[in-house]
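# Summary of structural features
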Amino acid sequence: MTKIKLSSENQDLSRFEVETLLKIKTKKRGKYLYFNKLNKKSVISKLENSALVKKIYFEDGSHWKNSSSPYKGRFPKDKPAFHPTVLKPKMARLMCNLSNSKSILDPFCGSASILIEGAFLGKEVSGIDYDSRMIERAKINLNHYKIKPKLLKKYNALNISELFKKNSIHSIVCDPPYGQSSTTSNSNIRQLFKQFIENSYPLLKKGGRMVIIIPSKLSMNKLIFPKYKKLGQFNWYVHGGLTRRFVILEK
Ligand SMILES: C[S@@+](CC[C@H](N)C(=O)[O-])C[C@H]1O[C@@H](n2cnc3c(N)ncnc32)[C@H](O)[C@@H]1O
């Protein structure tokens, strides 16, 4: 059996990422995941861009270690247009991987960290943000890495049904405002999340995913439009005042 050591940062998210990238179910024992019937080359090629896998042990006794430093030059301090709400590249890559899609839309794109990591993974990327100063930052950062988004536009995410057709979006990956240093056009953050999640449902293709960070302080009670399949919900402690909750939904 092939064996993978789960990330000590978050074992459940690490497992979800592996299963999404390999498109199989695995068995978990202790800190390890086990699976069989996949050849070595294909396992490495599917997991080499994982955000959380560090080591894979194969049945023949060999192992593969992720020793590259994939985010070199893309840490927040390296980007020409900085904003404090920026997501670290590892988190952005993780979210893109969880989308299970080659094309992603971030409707709260801010300074574009999700779009940048998505593009480095070879995905087609589109972003909107209702703040024109954020769109300027996103443009500067995307230009810096020579990334050409499919779409980058100042727009209110609550109105995306005016911008996209039904069943047209492959996946949505986003980190909406949580009422700390990021701002919102809607004073009621809960209402913003609820409305956005519901409005997006018809726009996603069947099987399309939404990977969204929902502040852990926000109760999940009746927040998710019931037609979605809820694939997973994982908490990631960041620091005293902030735990990020990653939620993965599917149409
Ligand atoms: C947490 S930040 C996103 C940060 C981004 N992930 C990054 O790494 O740069 C949230 C963003 O949502 C934007 N925003 C807030 N309300 C919005 C709305 N109704 N429509 C579109 N964007 C909105 C804010 O301008 C802000 O840039």
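Residues numbered from 1 in each chain as written. Predicted model: local features only at pLDDT ≥ 70, side-chain atom pairs only at ≥ 80, totals over all residues. Heavy atoms only, no water.

Taking strand neighbours across the sheet as the criterion, the five strands line up as 2-3-1-4-5 in an open arrangement whose pairing is antiparallel. What marks the edges here is a single partner per strand, and that holds for strand 2 (27–29) and strand 5 (63–65). Averaged over neighbouring strand pairs, the angle between their axes works out to 20° when direction is ignored. Across four bridges, the pairing between strand 1 (residues 2–5) and strand 3 (residues 32–35) is antiparallel. In the sheet register, Lys 5 faces strand 3, and the bridge partner there is Tyr 32. (Pairing = 2+ DSSP bridges. Helix = DSSP H or I, 4+ residues; strand = E, 2+ residues; numbered from the N terminus. Axes fitted to C-alpha atoms, helices over the stretch in contact; angles between N-to-C directions.)

On to the packing of helix 3 (residues 89–98) against helix 4 (residues 113–120), then. Packing of helix 3 against helix 4 leaves a shortest axis separation of 8 Å and a crossing angle of 65°. Crossing geometry of helix 3 relative to helix 4 is assigned as right-handed. Of the residues in helix 4, those in contact with Pro 89, Ala 92, Arg 93, Met 95 and Cys 96 of helix 3 are Ser 113, Ile 114, Glu 117 and Gly 118. Among the residues forming the contact of helix 3 with helix 4, the class breakdown is five nonpolar, two polar and two charged. (Left-handed = near helix turned anticlockwise from the far one by under 90°. Contact = heavy atoms within 4.5 Å. Nonpolar A, V, L, I, M, F, W, Y, C, P; charged D, E, K, R; others polar.)

Moving on, we come to the nonpolar core. Ranked by internal contacts, the top residues of the largest apolar core, which has 32 residues, are Leu 13, Met 95 and Ile 114. If you list the elements that add at least two residues to this core, you get helix 1 (11–22), helix 3, helix 4, helix 5 (132–144), strand 10 (204–215), strand 11 (229–239) and strand 12 (242–250). Tallying contributions element by element places helix 3 first for this core, with six residues. Sequence-distant contacts of Leu 13, that is, excluding residues within four places in its chain, are made with Leu 52, Leu 94, Leu 98, Phe 234, Trp 236 and Phe 246. In this structure, Ile 172, Tyr 201, Leu 218 and Ile 224 belong to the second largest nonpolar core, which totals 30 residues. (Core = buried A, V, L, I, M, F, W, Y, C linked by side-chain atoms within 4.5 Å. Buried < 20%, exposed > 50% of the residue type's maximum accessible area, 1.4 Å probe, protein only.)

With respect to spatial proximity, 25 residues lie near the ligand, and among them Leu 87, Ser 113, Asp 129, Asn 156 and Ala 157 are the closest. In the environment of the ligand, an oxygen atom lies 2.2 Å from a nitrogen or oxygen atom belonging to the side chain of Ser 113. A distance of 3.3 Å is found between a nitrogen atom of the ligand and a side-chain nitrogen or oxygen belonging to Asp 175. Coverage of the ligand by the protein chains reaches 100% of its 610 Å² of free accessible surface. (Near = heavy atom within 4 Å. Polar contact = N/O pair within 3.5 Å; in protein donor to acceptor, adjacent residues only side chain to side chain. Areas by Shrake-Rupley, 256 points an atom, 1.4 Å probe, with all protein chains shown as cover.)

Looking now at the domain arrangement of the protein. In terms of domain boundaries, the protein breaks down into domain 1 (2–65) and domain 2 (76–250). Contacts between the two partners involve 13 residues from domain 1 and, on the opposite side, 14 residues from domain 2. The contact between domain 1 and domain 2 buries some 1,300 Å² in all, and 65% of this surface belongs to carbon and sulfur atoms. For Glu 9, the salt bridge goes to Lys 90, with nearest N and O atoms at 2.8 Å. Between the two partners, domain 1 and domain 2, sit seven residue pairs in polar contact (both at pLDDT 80 or more). Here the side of domain 1 that touches domain 2 is composed, by residue class, of five nonpolar, four polar and four charged. (Domains from an automatic or database assignment. Buried area = accessible area lost by both parts, 1.4 Å probe. Salt bridge = Lys/Arg side-chain N within 4 Å of Asp/Glu carboxyl O.)

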